[in-house]
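As a plain string of letters, each chain reads:
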Amino acid sequence: MSKTIRIGSAGGFAGDTSVSAPQLIEGGNLDYLVLDYLAEVTISLLARAMAKRPDTGYLRDFTDWIWKDNLREIADKGVKIVTNAGGINPHACRARMELLAKEAGVSLKIAVVEGDNIKPDLAKYVNNDFKDMFSGAPLPDPDSVLSANVYLGAFPIAEALTAGADVVITGRVVDSALALGP
């Protein structure tokens, strides 16, 4: 059995325009809106910010432009959101989103996909003599690493949506996972 779903993409990088999201939400008859913000350089910038302020590390572009400005329309139209705007701190992203939703009087189920951040386990990999997959060089000293993330796939996003999430916030996932999850 096949089912047709409509997916719109409103973001391709950190700092991308906030104009496309409301256009797609209002006129796109969408089931899902996906927003892809993360590149390796973006992750490093978010890690630097989080090192200074632990309540950061996610894309405020998303929370304060897309989410806040379109929250009522997202809820009214039933558009589900899938985004990697969680950066390296998806729980802080969700907390900000929940605060903004509460202020707007809107209630949506926000799921977080985690598991991409392996920095806390990096010493284990170094101590087990893991090597760089391309050069064969030893992994760097964990204390010298700002962030360490792996790419997750679409399955955790699909599971969150199947469990009833209206919004799925991820950290690092493969770009295609944002659309394949739905």
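Residues numbered from 1 in each chain as written. Predicted model: local features only at pLDDT ≥ 70, side-chain atom pairs only at ≥ 80, totals over all residues. Heavy atoms only, no water.

J.: Go over the overall build of the protein chain, please, and point to the residues and values.
T.: Each helix and strand counted, the protein chain has seven helices and five strands in total. What you see in the protein chain, going N to C, is helices and strands ordered as β-α-β-α-α-β-α-β-α-α-β-α. Since a compact globule built from 182 residues should have a radius of gyration of about 16 Å, the 17 Å found for the protein chain is in line with a globular shape. With respect to the three principal axes, the spread of C-alpha positions in the protein chain is 50 × 45 × 25 Å. Here the protein chain, with 182 residues, has 43% of them falling under the buried criterion. The long-range fraction of contacts in the protein chain, counting pairs at least 24 apart against all pairs at least 6 apart in sequence, stands at 73%. For the protein chain, the accessible surface area stands at approximately 9,900 Å², while carbon and sulfur atoms represent 54% of it. (Helix = DSSP H or I, 4+ residues; strand = E, 2+ residues; numbered from the N terminus. Rg over C-alpha atoms; globule rule 2.2 N^0.38 Å. Buried < 20%, exposed > 50% of the residue type's maximum accessible area, 1.4 Å probe, protein only. Contact = heavy atoms within 4.5 Å. Areas by Shrake-Rupley, 256 points an atom, 1.4 Å probe, with all protein chains shown as cover.)

J.: Report on empty space enclosed by the protein, specifying residues and quantitative values.
T.: Under the counting rule described, the total for this entry stands at one cavity of 30 Å³ or more. When grouped by side-chain class, the residues that make up the lining of the largest cavity number five nonpolar, three polar and two charged. (1 Å grid on protein atoms, 1.4 Å probe; cavity = no way out; pocket = protein on both sides within 12 Å on 5 of 7 lines; lining within 4 Å. Points joined across faces, edges and corners; volume = space filled by probe spheres on them. Nonpolar A, V, L, I, M, F, W, Y, C, P; charged D, E, K, R; others polar.)

J.: Give a detailed account of the sheet that holds strand β4 (residues 110-113), specifying residues and quantitative values.
T.: Strand order across the open sheet formed by five strands is β1-β2-β3-β5-β4, with parallel pairing between neighbours. Each edge of the sheet is formed by a strand with only one pairing partner; in this case those strands are β1 (7-11) and β4. Going across the sheet, the axis of each strand differs from the next one's by a mean of 20 degrees, ignoring polarity. Summarising the sheet, β4 and strand β5 (residues 167-170) pair through four bridges and their orientation is parallel. For V112, the partnering residue across the bridge sits in β5 and is I169. The strands that helix α3 (residues 60-77) touches are β2 (32-35), β3 (80-83), β4 and β5; relative to β3, the one it contacts most, it runs at about 165 degrees. Strands in contact with helix α6 (residues 155-162) are β2, β3, β4 and β5; relative to β5, the strand with the most contacts, it is inclined by about 150 degrees. (Pairing = 2+ DSSP bridges. Axes fitted to C-alpha atoms, helices over the stretch in contact; angles between N-to-C directions.)

J.: Report on the packing of helix α1 (residues 20-27) against α3, specifying residues and quantitative values.
T.: Each pair of packed helices gets described by two things: the angle between the helix axes and the distance between those axes. Interaxial distance between α1 and α3 falls to 10 Å at its minimum, and their mutual angle equals 10 degrees. Between α1 and α3, the interaxial angle falls into the category roughly parallel. Seen from α1, the contacting residues are A21, P22, I25 and E26; seen from α3, they are I66, N70, E73, I74 and K77. A breakdown of the residues in the contact of α1 with α3 according to their chemical character gives five nonpolar, one polar and three charged. (Parallel < 35°, antiparallel > 145°, perpendicular 65-115°, else oblique.)

J.: Summarise the environment of L59; cite the residues concerned and give the values.
T.: Mapping L59 onto the fold places it in the loop between α2 (40-52) and α3. Its relative accessible area of 4% is what places L59 among the buried residues. With 28 residues separating them along the chain, L59 and G87 place their C-alpha atoms 6.5 Å apart. In this view, L59 contacts A14, Y37, L38, L46 and A85; residues no more than four positions away in its chain are not counted.

J.: Lay out the pairing of β2 in plain terms, naming residues and giving numbers.
T.: Alternating positions in β2 separate into two faces, Y32 and V34 on one and L33 and L35 on the other, with burial throughout. As paired strands, β1 and β2 are joined by four bridges and run parallel to one another. By the bridge assignment for β2, I7 is matched with Y32.

J.: Now, about the layout of surface pockets: what can you tell me, with residues and values included?
T.: Put simply, the largest pocket is a space of about 560 Å³. Lining the largest pocket are 18 residues, with I118, L139, A148, N149 and V150 positioned closest to its centre. Of all the secondary structure elements, the ones that give two or more residues to the lining of the largest pocket are α2 and α5 (122-127).

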